[in-house]
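Each chain, written out:
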Amino acid sequence: GVELGFVEEAAPWRLRSDQFPCKVGGRPAWLGEAGLPGPSELRCGVCGQPCAFLLQLYAPVQERPEAFHRSLFLFGCRRPSCYRPAGPAPGSLRVFRNQLPRKNDTYSYNPPPEEPPLEELHSVNLQLKCGAMLCRVCGCLGPSTCSKCHKAHYCSKDHQIKDWKAGHKVSCLQPGRGGDLTAGLRELRNNLVEKIDIFREQVRCQQWQLDKHARINLFRGIQVSL
(Lines give C-alpha, C1' and ligand atoms only; values in the text may rest on other atoms or scores of the structure.)
Protein backbone atom coordinates (compact mmCIF):
# COMPACT_ATOMS: atom_id res chain seq x y z
CA GLY A 1 0.00 0.00 0.00
CA VAL A 2 0.83 3.69 -0.18
CA GLU A 3 1.02 5.92 2.88
CA LEU A 4 -0.72 9.27 2.38
CA GLY A 5 -0.22 12.33 4.56
CA PHE A 6 -2.90 14.82 5.60
CA VAL A 7 -2.19 18.07 7.43
CA GLU A 8 -3.90 18.86 10.72
CA GLU A 9 -3.39 21.17 13.69
CA ALA A 10 -1.25 19.83 16.54
CA ALA A 11 -0.10 20.95 19.97
CA PRO A 12 3.38 22.56 19.85
CA TRP A 13 4.92 19.79 21.98
CA ARG A 14 3.87 17.23 19.36
CA LEU A 15 6.13 18.92 16.81
CA ARG A 16 9.33 18.76 18.84
CA SER A 17 12.26 16.52 17.86
CA ASP A 18 11.71 14.04 20.70
CA GLN A 19 8.24 13.24 19.29
CA PHE A 20 9.71 12.27 15.88
CA PRO A 21 7.17 14.44 14.04
CA CYS A 22 5.95 14.60 10.46
CA LYS A 23 5.14 18.24 9.86
CA VAL A 24 4.81 21.07 7.37
CA GLY A 25 6.46 24.43 7.91
CA GLY A 26 7.87 26.20 10.93
CA ARG A 27 11.48 25.40 11.78
CA PRO A 28 13.05 21.97 11.24
CA ALA A 29 12.80 19.60 14.21
CA TRP A 30 16.24 18.11 13.63
CA LEU A 31 16.53 14.44 14.57
CA GLY A 32 20.28 14.19 15.20
CA GLU A 33 22.90 16.88 15.57
CA ALA A 34 25.65 15.40 13.37
CA GLY A 35 25.85 16.11 9.66
CA LEU A 36 23.28 18.89 9.53
CA PRO A 37 23.32 20.88 6.25
CA GLY A 38 25.22 24.12 6.32
CA PRO A 39 24.22 27.46 4.75
CA SER A 40 25.93 26.69 1.43
CA GLU A 41 24.00 23.41 1.06
CA LEU A 42 20.68 25.18 1.68
CA ARG A 43 21.07 27.78 -1.07
CA CYS A 44 18.99 27.57 -4.22
CA GLY A 45 21.06 26.26 -7.12
CA VAL A 46 19.40 28.78 -9.45
CA CYS A 47 19.26 32.15 -7.65
CA GLY A 48 21.60 31.51 -4.72
CA GLN A 49 19.08 32.61 -2.07
CA PRO A 50 18.47 30.54 1.12
CA CYS A 51 15.82 27.85 0.59
CA ALA A 52 12.82 27.75 2.92
CA PHE A 53 12.02 24.70 5.03
CA LEU A 54 8.87 23.11 3.56
CA LEU A 55 8.26 19.82 5.40
CA GLN A 56 9.79 16.83 7.16
CA LEU A 57 8.76 13.18 7.25
CA TYR A 58 9.63 10.57 9.86
CA ALA A 59 10.54 7.57 7.72
CA PRO A 60 12.37 4.90 9.78
CA VAL A 61 13.82 1.78 8.19
CA GLN A 62 13.25 -0.92 10.78
CA GLU A 63 15.43 -3.54 9.05
CA ARG A 64 18.44 -1.20 9.10
CA PRO A 65 19.70 -0.66 12.68
CA GLU A 66 21.54 2.54 11.76
CA ALA A 67 18.27 4.06 10.46
CA PHE A 68 15.88 2.97 13.22
CA HIS A 69 15.12 6.70 13.53
CA ARG A 70 15.18 8.50 10.18
CA SER A 71 13.73 11.84 9.08
CA LEU A 72 13.69 13.41 5.62
CA PHE A 73 13.75 17.22 5.29
CA LEU A 74 12.55 19.10 2.20
CA PHE A 75 13.59 22.69 1.44
CA GLY A 76 12.48 24.80 -1.53
CA CYS A 77 13.30 28.17 -3.05
CA ARG A 78 10.73 30.92 -2.52
CA ARG A 79 11.19 32.49 -5.95
CA PRO A 80 8.62 31.38 -8.57
CA SER A 81 11.13 32.09 -11.36
CA CYS A 82 13.26 29.16 -10.11
CA TYR A 83 10.46 26.71 -11.03
CA ARG A 84 9.13 25.56 -14.40
CA PRO A 85 5.73 24.09 -15.44
CA ALA A 86 7.46 20.77 -16.11
CA GLY A 87 9.00 20.73 -12.63
CA PRO A 88 11.59 22.48 -10.47
CA ALA A 89 14.89 23.60 -11.93
CA PRO A 90 17.95 21.69 -10.67
CA GLY A 91 18.88 22.86 -7.19
CA SER A 92 15.65 24.72 -6.37
CA LEU A 93 14.51 21.82 -4.16
CA ARG A 94 16.81 20.26 -1.54
CA VAL A 95 16.25 17.03 0.39
CA PHE A 96 18.34 15.92 3.39
CA ARG A 97 18.34 12.78 5.52
CA ASN A 98 18.97 12.67 9.27
CA GLN A 99 19.12 9.29 11.04
CA LEU A 100 20.08 7.54 14.29
CA PRO A 101 20.13 3.98 15.66
CA ARG A 102 17.59 3.06 18.33
CA LYS A 103 20.27 3.17 21.03
CA ASN A 104 21.72 6.68 20.91
CA ASP A 105 22.82 9.51 23.21
CA THR A 106 19.89 11.79 22.36
CA TYR A 107 16.61 9.89 22.75
CA SER A 108 15.18 7.20 24.99
CA TYR A 109 15.29 3.61 23.82
CA ASN A 110 11.53 3.44 24.44
CA PRO A 111 8.81 5.21 22.41
CA PRO A 112 8.03 8.81 23.39
CA PRO A 113 5.16 9.43 25.86
CA GLU A 114 1.70 10.10 24.46
CA GLU A 115 0.86 12.59 27.21
CA PRO A 116 1.88 16.27 27.07
CA PRO A 117 4.77 17.36 29.33
CA LEU A 118 3.88 18.56 32.82
CA GLU A 119 5.75 21.81 32.21
CA GLU A 120 5.31 23.71 28.98
CA LEU A 121 8.63 23.84 27.17
CA HIS A 122 9.80 26.79 25.13
CA SER A 123 8.47 26.39 21.59
CA VAL A 124 11.67 27.86 20.14
CA ASN A 125 15.00 26.23 20.97
CA LEU A 126 17.87 27.65 18.97
CA GLN A 127 20.79 25.82 20.59
CA LEU A 128 21.62 22.16 20.05
CA LYS A 129 22.85 19.98 22.93
CA CYS A 130 26.30 19.96 21.34
CA GLY A 131 26.40 23.75 21.70
CA ALA A 132 25.91 24.66 18.03
CA MET A 133 23.56 27.59 17.50
CA LEU A 134 20.70 27.76 15.00
CA CYS A 135 19.53 30.65 12.85
CA ARG A 136 16.84 32.78 14.54
CA VAL A 137 14.91 33.05 11.30
CA CYS A 138 14.86 29.53 9.85
CA GLY A 139 16.21 27.15 12.53
CA CYS A 140 19.10 25.85 10.40
CA LEU A 141 22.76 26.01 11.42
CA GLY A 142 23.71 29.60 12.24
CA PRO A 143 27.49 30.05 12.12
CA SER A 144 27.28 33.85 11.79
CA THR A 145 26.45 36.23 14.65
CA CYS A 146 25.25 39.79 15.01
CA SER A 147 28.34 42.03 14.95
CA LYS A 148 26.90 44.23 17.74
CA CYS A 149 25.61 41.85 20.44
CA HIS A 150 27.29 38.60 19.28
CA LYS A 151 24.31 36.66 20.67
CA ALA A 152 21.91 36.38 17.74
CA HIS A 153 22.91 33.71 15.22
CA TYR A 154 22.12 33.47 11.51
CA CYS A 155 22.66 31.19 8.55
CA SER A 156 23.05 34.06 6.08
CA LYS A 157 23.25 37.82 5.65
CA ASP A 158 19.77 37.74 4.12
CA HIS A 159 18.22 36.29 7.29
CA GLN A 160 20.21 38.65 9.51
CA ILE A 161 18.71 41.61 7.63
CA LYS A 162 15.19 40.14 7.97
CA ASP A 163 15.63 39.71 11.72
CA TRP A 164 17.08 43.21 12.11
CA LYS A 165 14.01 44.72 10.48
CA ALA A 166 11.67 42.42 12.46
CA GLY A 167 12.84 43.78 15.82
CA HIS A 168 16.42 42.79 16.60
CA LYS A 169 17.58 46.34 15.96
CA VAL A 170 15.65 47.31 19.12
CA SER A 171 16.54 44.38 21.40
CA CYS A 172 20.18 44.34 20.25
CA LEU A 173 20.87 47.69 21.88
CA GLN A 174 19.28 46.73 25.21
CA PRO A 175 21.64 45.18 27.81
CA GLY A 176 21.11 41.43 28.16
CA ARG A 177 18.52 41.21 25.36
CA GLY A 178 20.74 40.72 22.33
CA GLY A 179 19.71 37.08 22.00
CA ASP A 180 16.12 37.62 23.13
CA LEU A 181 14.07 35.09 21.13
CA THR A 182 10.77 36.88 21.72
CA ALA A 183 11.74 40.11 19.96
CA GLY A 184 10.41 40.12 16.43
CA LEU A 185 9.24 36.50 16.37
CA ARG A 186 5.76 37.46 15.20
CA GLU A 187 7.24 39.26 12.20
CA LEU A 188 9.71 36.43 11.57
CA ARG A 189 6.85 33.94 11.19
CA ASN A 190 6.12 35.58 7.86
CA ASN A 191 9.40 34.08 6.59
CA LEU A 192 8.32 30.54 7.52
CA VAL A 193 5.81 28.18 5.99
CA GLU A 194 2.84 27.72 8.35
CA LYS A 195 3.59 24.99 10.92
CA ILE A 196 1.12 22.03 10.68
CA ASP A 197 1.26 18.36 11.66
CA ILE A 198 1.03 15.58 9.02
CA PHE A 199 -1.36 12.72 9.75
CA ARG A 200 -0.48 9.54 7.82
CA GLU A 201 -2.82 6.80 6.63
CA GLN A 202 -2.33 3.58 4.65
CA VAL A 203 -4.27 3.30 1.37
CA ARG A 204 -4.26 0.96 -1.61
CA CYS A 205 -2.07 1.89 -4.55
CA GLN A 206 -4.98 2.20 -6.99
CA GLN A 207 -6.57 4.83 -4.75
CA TRP A 208 -3.63 7.17 -5.31
CA GLN A 209 -3.22 7.43 -9.07
CA LEU A 210 -2.55 11.04 -10.06
CA ASP A 211 -2.73 11.94 -13.73
CA LYS A 212 -0.29 14.40 -15.29
CA HIS A 213 -2.46 17.48 -14.71
CA ALA A 214 -3.11 16.55 -11.07
CA ARG A 215 0.63 16.23 -10.42
CA ILE A 216 1.25 19.65 -11.95
CA ASN A 217 -1.51 21.22 -9.86
CA LEU A 218 -0.13 19.58 -6.72
CA PHE A 219 3.33 20.96 -7.47
CA ARG A 220 1.89 24.44 -8.12
CA GLY A 221 0.16 24.24 -4.75
CA ILE A 222 3.52 23.67 -3.10
CA GLN A 223 4.91 26.67 -4.99
CA VAL A 224 2.15 28.91 -3.66
CA SER A 225 2.85 27.82 -0.06
CA LEU A 226 6.49 28.83 -0.44
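Residues numbered from 1 in each chain as written. Predicted model: local features only at pLDDT ≥ 70, side-chain atom pairs only at ≥ 80, totals over all residues. Heavy atoms only, no water.

## Re the environment of Cys146
Position of Cys146 relative to the elements: it lies in the loop between β8 (144-145) and β9 (153-154). Here Cys146 falls in the buried class, since its relative accessible area comes to 2%. Once you skip the residues sitting within four places of it in the chain, Cys146 turns out to touch Ala152, Tyr154, Gln160, His168 and Cys172. (Helix = DSSP H or I, 4+ residues; strand = E, 2+ residues; numbered from the N terminus. Buried < 20%, exposed > 50% of the residue type's maximum accessible area, 1.4 Å probe, protein only. Contact = heavy atoms within 4.5 Å.)

## As for the packing of aromatic side chains
Working definition: an aromatic ring pair is given by the centre-to-centre distance plus the angle between the planes. This model, assessed by the stated rule, comprises 6 aromatic pairs. Relative to Tyr107, the ring of Phe20 lies with its centre 5.1 Å away and its plane at 65°, an arrangement referred to as edge-to-face. Of the two residues, Phe20 sits in the loop between β1 (2-8) and β2 (23-24) while Tyr107 sits in the loop between β7 (93-100) and β8, which places them 87 residues apart along the sequence. The residues Phe20 and Tyr107 share a single accessibility class, namely buried. Geometrically, the ring pair formed by Phe75 and Phe96 is edge-to-face, given 5.9 Å between the ring centres and 80° between the ring planes. Linking Phe75 in strand β4 (residues 69-76) with Phe96 in strand β7, this pair joins segments that are 21 residues apart in sequence. Taken together through their ring pairs, the aromatic side chains of Trp30, Phe53, Phe73, Phe75 and Phe96 make up a single cluster. Lying across the ring of Tyr109, Arg102 places its NZ or CZ 4.0 Å from the centre. (Phe/Tyr/Trp six-rings, centres within 6.5 Å; stacked < 30°, edge-to-face > 60°. Lys NZ or Arg CZ within 6 Å of the ring centre and 35° of its normal.)

## Brief notes about the pairing of strand β3 (residues 52-58)
Of all 7 residues in β3, 5 are buried; the element is thus mostly enclosed. As defined by bridge partners, β2 adjoins β3 across 2 bridges and the pair is classed as antiparallel. Within the sheet, the bridge partner assigned to Lys23 lies in β3 and is Gln56. (Pairing = 2+ DSSP bridges.)

## Here's the deal with the confidence of the model for the protein chain
Per-chain confidence: the protein chain averages 78 in pLDDT, with 72% of residues scoring 70 or above. Model confidence for the protein chain, summarised as mean pLDDT per element, is weakest for helix α3 (residues 212-225) at 41 and strongest for β4 at 94. Confidence drops under pLDDT 50 across residues 205-226; counting only partners more than four residues distant or on other chains, this segment forms 25 contacts. (pLDDT = per-residue confidence, 0-100.)

## What about a positive patch on the surface?
Where like charges cluster on the molecular surface, the positive patch consists of Arg78, Lys162, Lys165 and Lys169. Mapped onto the elements, Lys165 comes out in helix α1 (residues 157-171). (Patch = residues over 30% accessible without salt bridge, like charges linked within 9 Å, V, L, I, M, F, W, Y side chains within 5 Å. Areas by Shrake-Rupley, 256 points an atom, 1.4 Å probe, with all protein chains shown as cover. Salt bridge = Lys/Arg side-chain N within 4 Å of Asp/Glu carboxyl O. Lys, Arg positive; Asp, Glu negative; His and termini not counted. Charge placed at Lys NZ, Arg CZ, Asp CG, Glu CD.)

## Some points on unusual backbone geometry
Despite not being glycine, Phe20 has its phi angle at roughly 50°, a positive value. On the accessibility criterion, Phe20 (11% relative accessible area) is buried. With phi around 60°, His150 is a residue other than glycine that occupies positive phi space. Take His150: it is sitting in the loop between β8 and β9. Residue His150 is classed as exposed on the basis of its relative accessible area of 53%.

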